[in-house]
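Structural features, examined
Below, each chain spelled out in residue letters.
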Amino acid sequence: MKASGSRRAVRMGDQIMREIGTLLVEEAADPRLNLVTLSGVRMNANLRIAEIFYTVSGDAEHRKEVQEGLERATGFLRSRLGRILKLQYTPELRFQFDEFLEDVVYGKSHPTD
């Protein structure tokens, strides 16, 4: 996916992150989605795809369950997002675990000498 760096894409990504975060806290009924933290949104060049980065504590099995929960909730989240933001075209939502943030915070990929 070719990411867009335009101000419009950044602004839309910020709005999407804010609204998806609110929806996860207030309206998502799936217990797997508790304590999911959104860390960023990257829009593609034509604003048709929103790649949403998230983190969650726990082991790999728990992360897999959270990913499944997010994928299952994608239709609901996209539908609600379209109504809230009143967009002509609501972007496709793709959830991606944020490996970079985990590496920075917990130092997983860089052992100390």
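One structure accompanies this document, and this report is about it. (Residues numbered from 1 in each chain as written. Predicted model: local features only at pLDDT ≥ 70, side-chain atom pairs only at ≥ 80, totals over all residues. Heavy atoms only, no water.)

**Examining helix α1 (residues 7-26)**
Threshold: Working definition: helices are DSSP H or I runs of at least four residues, strands are E runs of at least two. Numbering for both runs from the N terminus. Expected span of a helix, by definition, is 1.5 Å for each gap between consecutive residues, and there is one gap fewer than residues. We call a residue buried when its accessible area falls under 20% of the maximum for its residue type, exposed when it is over 50%, and partly exposed in between, using a 1.4 Å probe and counting protein chains only. What the arc describes is the spread of directions from the helix axis to the C-beta atoms. In what follows, residue pairs with any heavy atoms lying within 4.5 Å of each other are defined as contacts.
With 20 residues, α1 ought to run about 28 Å at 1.5 Å a step, and its terminal C-alpha atoms sit 28 Å apart, in line with that. Looking only at α1, the buried set comprises Ala9, Met12, Gly13, Ile16, Ile20, Leu23 and Leu24. Seen from one end, α1 has its buried residues packed into an arc of 100°, which puts them on one side. With respect to the buried face of α1, the exposed residues turned more than 90 degrees away are Arg7, Arg11, Arg18, Val25 and Glu26. Close packing links the buried residues of α1 with β1 (37-43), β2 (49-55), α2 (60-85) and β3 (92-97).

**Some remarks on the sheet that holds β1**
Put simply, the rule is: When DSSP finds two or more bridges between a pair of strands, those strands are recorded as paired. Axis definition: a line fitted to C-alpha atoms, limited for helices to the stretch in contact. Angles are taken between N-to-C directions and run from 0 to 180 degrees.
Read from one edge of the open sheet, three strands run β1-β2-β3, paired in mixed fashion. Strands with a single pairing partner mark the edges of an open sheet, and in this sheet they are β1 and β3. Each strand axis lies, on average, 25° off the axis of its neighbour in the sheet, ignoring direction. Relative to β2, β1 is paired through six bridges, and the arrangement is antiparallel. Bridging across to β2, Met43 finds its partner in Ala50. Strands in contact with α1 are β1, β2 and β3; relative to β1, the strand with the most contacts, it is inclined by about 145°. Against the sheet, α2 contacts β2 and β3, and its axis sits at roughly 155° relative to β3.

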